[in-house]
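Given next are the chains, with one letter for each unit.
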Amino acid sequence: MTKIPFVDLSFQHEPLINQIEEAILTVLHQGDFIMGKAVAEFETAFANACGVESGVGVACGTDAIALGLQACGIRPGDEVILPANTFVATLIGVLHAGATPIFVDCDPETALIDLKAAEKAISEQTRAIVPVHLYGQMVSPKQLLDLASTHNLVIFEDAAQAHLAEREGYKAGSIGKAAAFSFYPSKNLGAIGDGGLLVTNDAGVAQKMRALRNYGAPQKYLHTEYGTNSRLDTLQAAVLNVKLPHLQEWNNLRNTAAYEYDRLLEPLRSHGIFPIHNQSGTGHIYHLYVIRISESCAIEREKIQAELSAIGIQTGIHYPLPCHLQPAYQYLGYKAGDFPNSEILSKQILSLPMYPGLSQTQIVQVVQALQHLLIAPEAAISG
């Protein structure tokens, strides 16, 4: 059996290697390593792709959240609602903005924030909600906008896993006051290192974000904000400029692969295996393809993961411990049992290989391996 990596970037990089090398050499020759020409070009191009007016590049997605919330007017003492079921960077961004994080549970079928639970968590101090478009699927824009307008909340999207995702006629990044993206190498649009970006239709937010990322200085040596040093490197922007025109095609390939997974995994529903529910159709861009190994499954997740690894199929868990149970954040006062859906999911979810270029043969191989574990080998699908 051929080994199947969890992520393989060669399909994206090999056809573009000459263009990427040329882009890097151009930056080297120009010498504009900080805030160079490629940064401004990428900021404009990516904002346009998201259907918004402005983009502001920063060093990473976490900074895009932290500085972005500050640019949106979030201050110490303000409460910000976020899901317990997310990568810890969402929480770190809220904390670095000086806000008070208020966790809520997730929908067990989609793994996305439960907006009914979010509404119940709103208090007089609540200023914003951070919906996380998890795994490549957006939180419902219409429900978000209804909630925000009813309670006068700022919507700040964590779109780190949702590059060009769509739902209900909206693109990720176009719903709220601002949105944060990450360009970590394994993202749907990945750099060759860290990188992040804030998109917004609010000119004031964009202007303030540009100052915050650059020592709080709207112009050199004039510091009007309590800022930091968080700028998207010109080299990274140059690489992203090469890759961006191909992003939609790569997303389409991910969606096609997910459809095949869905189709082939259907017989395993009766054995307790359920894909995370897609409510967005082709608007889901499948940064990750995640299944639930429910309590009705005869084999525990850890054994399934170990058996797959033994035959060369890499998998992941996103994420094995919800934010409210992470040791560093126990001071926030949350405890086990506070968010049961998030806690149950953390024990059930398994991310299968997913990337552009994942072949039909490889998908069959993954599903066949699962079937061999769960049902009689003779009942498994053939290649």
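As the structure is a prediction and not an experimental result, all values here were calculated from the model. The residue numbering used here restarts from 1 in each chain and proceeds along that chain's sequence as written. Per-residue local features are limited, in this predicted model, to residues with pLDDT of at least 70; the limit for side-chain atom pairs, both in listing and counting, is 80 or more; totals at the level of whole chains, interfaces and linings are taken over all residues. For side-chain calculations, the full set of non-hydrogen atoms in the structure is used, while hydrogens and water are omitted.

1. So, the overall build of the protein
Point 1. Of the regular secondary structure elements, the protein holds 13 helices and twelve strands.
Point 2. Based on C-alpha atoms, the radius of gyration is set beside the globule rule, defined as 2.2 Å times the residue count to the power 0.38. The globule rule puts the C-alpha radius of gyration for 383 residues at 21 Å, and the 21 Å found for the protein is close to it.
Point 3. Dimensions along the principal axes, computed over C-alpha positions, put the protein at roughly 70 × 55 × 35 Å.
Point 4. Each residue's exposure class comes from its accessible area (1.4 Å probe, protein chains only) as a fraction of the maximum for that residue type: buried when under 20%, exposed when over 50%, partly exposed otherwise. Taking all 383 residues of the protein together, the buried fraction comes to 56%.
Point 5. Contacts are residue-level and defined by heavy atoms, with any inter-residue pair within 4.5 Å sufficient. When contacts within the protein are restricted to residue pairs at least 6 apart in sequence, long-range pairs at least 24 apart make up 71% of them.
Point 6. Using a 1.4 Å probe, accessible areas were evaluated by the Shrake-Rupley method; residue-level cover was limited to the displayed protein chains. Accessible area of the protein: about 15,900 Å², with a carbon and sulfur share of 52%.
Point 7. Neither His nor the chain ends contribute to the count of charged residues, in which Lys and Arg are positive and Asp and Glu negative. To locate a charge, take NZ of a lysine, CZ of an arginine, CG of an aspartate or CD of a glutamate. Computed over 25 positive and 37 negative side-chain charges, the separation of the two mean positions in the protein equals 3 Å. Counting from the N terminus, the helices are DSSP H or I runs at least four residues long and the strands are E runs at least two residues long.

2. Some words on the pattern of salt bridges
Point 1. Each salt bridge in this description consists of a side-chain nitrogen of Lys or Arg and a carboxyl oxygen of Asp or Glu lying within 4 Å of one another. By the definition in use, this model includes twelve salt bridges.
Point 2. Between Glu41 and Lys37 there is a salt bridge whose closest N-O contact spans 3.9 Å. Of this pair, Glu41 and Lys37 both sit in helix 3 (residues 37-50), separated by four residues, roughly a single helical turn.
Point 3. With relative accessibility at 39%, the residue Glu41 sits in the partly exposed group.
Point 4. In this structure Lys37 comes out as exposed when scored by relative accessible area, which is 53%.
Point 5. Here Asp202 makes a salt bridge to Lys177, at a shortest N to O gap of 3.2 Å. Taken together, the positions of Asp202 in the loop between strand 9 (196-200) and helix 8 (203-213) and Lys177 in the loop between strand 7 (170-171) and strand 8 (178-182) put the pair 25 residues apart, joining distant regions of the chain.
Point 6. Since its relative accessible area comes to 26%, Asp202 is described here as partly exposed.

3. Notes on the side chain of Thr90
Point 1. By secondary structure assignment, the location of Thr90 is in helix 5 (residues 88-96).
Point 2. For Thr90, a relative accessible area of 1% gives the class buried.
Point 3. For this analysis, a polar contact is any N or O atom pair within 3.5 Å, provided that within protein one partner can donate a hydrogen and the other can accept it, and provided that sequence-adjacent residues contribute only side-chain to side-chain pairs. Among the polar contacts listed, one links the side chain of Thr90 to the side chain of Asp158, at a separation of 2.7 Å.
Point 4. Apart from residues no more than four positions distant in its own chain, Thr90 is found in contact with Ile65, Leu82, Val130, Val132 and Asp158.

4. Some details on unusual backbone geometry
Point 1. In the segment running from His318 into Tyr319, the intervening peptide bond is cis, with an omega of 20 degrees.
Point 2. By the secondary structure assignment, Tyr319 is in the loop between helix 11 (301-310) and helix 12 (340-348).
Point 3. Although it is not a glycine, Tyr215 sits at a positive phi angle of roughly 65 degrees.
Point 4. Position of Tyr215 relative to the elements: it lies in the loop between helix 8 and helix 9 (234-243).
Point 5. Residue classification places Tyr215 among the partly exposed positions, given a relative accessible area of 41%.

5. Here we look at the sheet that holds strand 2 (residues 79-83)
Point 1. Here seven strands make up an open sheet; going across it, the order is 1-9-8-5-4-2-3 and the pairing mixed. The open sheet has two edge strands with one neighbour each: strand 1 (54-58) and strand 3 (100-104). Across this sheet, the average inter-strand angle for adjacent strands is 25 degrees, counted without regard to direction.
Point 2. Relative to strand 9, strand 8 runs antiparallel, the two being bridged by four bridges. Residue pairing in the sheet places Ala179 in a bridge with Val199 of strand 9.
Point 3. All axes are obtained by fitting lines to C-alpha atoms, using only the stretch in contact for helices, and the reported angles, taken between N-to-C directions, cover 0 to 180 degrees. Running over the sheet, helix 5 touches strand 2, strand 3 and strand 5 (154-158) and is turned about 150 degrees from strand 3. Note: two strands are recorded as paired if DSSP finds a minimum of 2 bridges between them.

6. Here we look at the packing of aromatic side chains
Point 1. Ring geometry is summarised as follows: Phe, Tyr and Trp rings, the Trp one being its six-membered ring, pair when their centres sit within 6.5 Å, and such pairs are stacked at plane angles under 30 degrees, edge-to-face over 60 and tilted between the two. Scanning all chains against the criterion turns up ten aromatic pairs.
Point 2. Measuring from ring centre to ring centre gives 5.1 Å for Phe103 and Tyr334, while their planes differ by 65 degrees; the resulting arrangement is edge-to-face. Taken together, the residues span a long stretch of sequence, with Phe103 in strand 3 and Tyr334 in the loop between helix 11 and helix 12 at a distance of 231 residues. Grouping residues by exposure puts Phe103 and Tyr334 together as buried.
Point 3. Between Phe103 and Phe339, the aromatic rings sit 6.4 Å apart at their centres with planes inclined by 70 degrees, giving edge-to-face as the arrangement. Here Phe339 lies in the loop between helix 11 and helix 12 and Phe103 lies in strand 3, a separation of 236 residues in the sequence.
Point 4. Owing to a relative accessible area of 8%, Phe339 belongs among the buried residues under this scheme.
Point 5. Joined through ring pairs, the aromatic side chains of Phe42, Phe46, Phe181 and Phe183 make up one cluster.

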